[in-house]
Each structure stands twice: as structure tokens, then as C-alpha cells.
Amino acid sequence: MRSPFRFFSVAVGIVFVIWAIAQWSDAPDAEPAAQPERGASASASAGASGSAGASVAPVPDPGAAATKFVTAWARPDLTSEQWWAGINAANPDESLAQALGPTDPATVPATKVVGPPKVLEQNDSEARVEVATDGPKVIVYLTLIGNVWYVANILPGG
């Protein structure tokens, strides 16, 4: 790599590959198999606890976690600081918090939750919950880590 052009071309290529891998691994529709460390550790710890005879803490309701997040999200009347305080209290994961970074609360298309949550899918480590608002229904994707549901994504729903 004697020329500066070749050096920078290789450096840009490496950065692009790292970026592409990060984008692929943070995809909201990723199969559970694409994230084996989450499912594997949750299943392994559940199996180990069950075989040892120790009591296993019940899995919390993903519907309650989804409703808490959507309730905090659907507040266009708040200042950015107040809105973020509510969002952070509702356990967003790091990638969702980054994605919501530029959000102006005034642009959120809902003001309240109007019905009970509907758990669409749930397994040992992930759940998908539909929450009805006075605006659009939203689908909340959650990941269970350490017996706590973290919101991984929120998308318009059916």
C-alpha cells in the first residue's frame, strides 16, 4: 500500500463492511437464529434452573411493557426532555433510543393508548405486541433480557 489512494480505498472499504454488518445485525425483522446469544442464554438459563429444582421467576407480561412504552411515546404534548424521560423509563434498547433520537414529540401521530395490548407472538426471548392508540395501531417488538422486556422497535401496525 504505497499510494495514499490505495490506503484510503482499503480503509473506506473496511468501514463500509463494518457498517453493513452493523445494519444487518440491528434489523428489526431479524430471525431469532440471527441473534443466538439472546435465545441461547435465556433457554440455557431456564433449562439449568429447571433441572436444578430452583424456582424460576415468571416471565413478565410483554403486553404491559409494550403498553408502558406506547403510553410514553404517544405524548406529543410534552417537551423533548419530558418525552425522553418517559421513553427512557419504558426500557428502550440502545438501537431504538438512537433511532428515536431526532424525533420531535409533536410529530407523534397518537396521544394515548385506547385498548388492551394484543400479544401477537412470544417465545423465550422475544415478543411482538400490537397496541391500539387513538392514532394508528403500533406493533412493538420486545426482547427479554434478565427477565426484563426491552423495546427493540416500534412500527405502524395493522
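An account of the accompanying structure is given in this report. Everything numeric here is computed off the predicted structure, so don't read it as measured data. (Residues numbered from 1 in each chain as written. Predicted model: local features only at pLDDT ≥ 70, side-chain atom pairs only at ≥ 80, totals over all residues. Heavy atoms only, no water.)

### What about the overall build of the protein?
Turning to step 1, where the next piece is worked out: From N to C terminus, the protein includes 5 helices and 4 strands.
Turning to step 2, where the next piece is worked out: Reading the secondary structure of the protein in the N-to-C direction produces α-α-α-α-α-β-β-β-β.
Turning to step 3, where the next piece is worked out: Per-residue burial for the protein yields a buried fraction of 27% across its 158 residues.
Turning to step 4, where the next piece is worked out: At a minimum sequence separation of 6, the contacts of the protein that also span at least 24 residues come to 48%. (Helix = DSSP H or I, 4+ residues; strand = E, 2+ residues; numbered from the N terminus. Buried < 20%, exposed > 50% of the residue type's maximum accessible area, 1.4 Å probe, protein only. Contact = heavy atoms within 4.5 Å.)

### Quick notes on unusual backbone geometry
Turning to step 1, where the next piece is worked out: With phi around 60°, Asn 91 is a residue other than glycine that occupies positive phi space.
Turning to step 2, where the next piece is worked out: Here Asn 91 is to be found in the loop between helix H4 (80-89) and helix H5 (94-99).
Turning to step 3, where the next piece is worked out: Looking at Asn 91, the relative accessible area reads 27%, which means it is partly exposed.
Turning to step 4, where the next piece is worked out: Of note in the backbone geometry, Asn 147 takes a positive phi value of approximately 65° without being a glycine.
Turning to step 5, where the next piece is worked out: Inspection of the secondary structure assignment puts Asn 147 in the loop between strand E3 (138-145) and strand E4 (148-156).
Turning to step 6, where the next piece is worked out: By relative accessible area, which is 31% here, Asn 147 ends up partly exposed.

### Remarks on the packing of helix H3 (residues 62-73) against H4
In a pair of packed helices, the angle between the axes and the distance between the axes together describe the arrangement.
Turning to step 1, where the next piece is worked out: Packing of H3 against H4 leaves a shortest axis separation of 8 Å and a crossing angle of 175°. Taken together, the axes of H3 and H4 lie roughly antiparallel to each other. Of the residues in H4, those in contact with Lys 68, Phe 69, Ala 72 and Trp 73 of H3 are Trp 83, Gly 86, Ile 87 and Ala 89.
Turning to step 2, where the next piece is worked out: Here the contact of H3 with H4 is built from residues that sort into 6 nonpolar, 1 polar and 1 charged. (Axes fitted to C-alpha atoms, helices over the stretch in contact; angles between N-to-C directions. Parallel < 35°, antiparallel > 145°, perpendicular 65-115°, else oblique. Nonpolar A, V, L, I, M, F, W, Y, C, P; charged D, E, K, R; others polar.)

### Points about the side chain of Thr 133
Turning to step 1, where the next piece is worked out: Tracing the backbone through its elements, the reader meets Thr 133 in the loop between strand E2 (126-131) and E3.
Turning to step 2, where the next piece is worked out: Engagement of the side chain of Thr 133 in a polar contact is seen with the backbone nitrogen of Gly 135, the distance being 3.0 Å.
Turning to step 3, where the next piece is worked out: Reaching out from Thr 133, the side chain makes a polar contact with the backbone oxygen of Pro 136 at a distance of 2.5 Å.
Turning to step 4, where the next piece is worked out: Filtering out sequence-adjacent residues up to four positions away, Thr 133 remains in contact with Val 70, Ala 110, Lys 112, Val 113 and Val 114. (Polar contact = N/O pair within 3.5 Å; in protein donor to acceptor, adjacent residues only side chain to side chain.)

### Examining the pairing of E4
Turning to step 1, where the next piece is worked out: Inspection of the sheet shows E3 paired to E4 by 8 bridges, in the antiparallel sense. Along E4, the bridge assignment pairs Ile 139 with Leu 155. (Pairing = 2+ DSSP bridges.)

### Here we look at the sheet that holds strand E1 (residues 118-122)
Turning to step 1, where the next piece is worked out: Taken in spatial order, the 4 strands line up as E1-E2-E3-E4 in an open sheet, and their pairing is antiparallel. Single-partner strands in this sheet number two, and they are E1 and E4. Looking at each pair of strands side by side, their axes are set apart by 25° on average, direction ignored.
Turning to step 2, where the next piece is worked out: Note: E1 against E2, 4 bridges, orientation antiparallel. Considered in E2, the bridge of Lys 118 is made with Glu 130.

### What about the nonpolar core?
Turning to step 1, where the next piece is worked out: Judged by nonpolar contacts, the single largest core of 25 residues is most densely connected at Phe 69, Trp 73, Ile 87, Val 140, Leu 142 and Ile 154.
Turning to step 2, where the next piece is worked out: Counting residues per element, the ones that place at least two in this core are H3, H4, E2, E3 and E4.
Turning to step 3, where the next piece is worked out: Among the elements that line this core, the one with the most residues is H3, at 6 residues.
Turning to step 4, where the next piece is worked out: Aside from chain neighbours lying at most four places away, what touches Ile 87 is Phe 69, Ala 72, Trp 73, Pro 92 and Leu 100. (Core = buried A, V, L, I, M, F, W, Y, C linked by side-chain atoms within 4.5 Å.)

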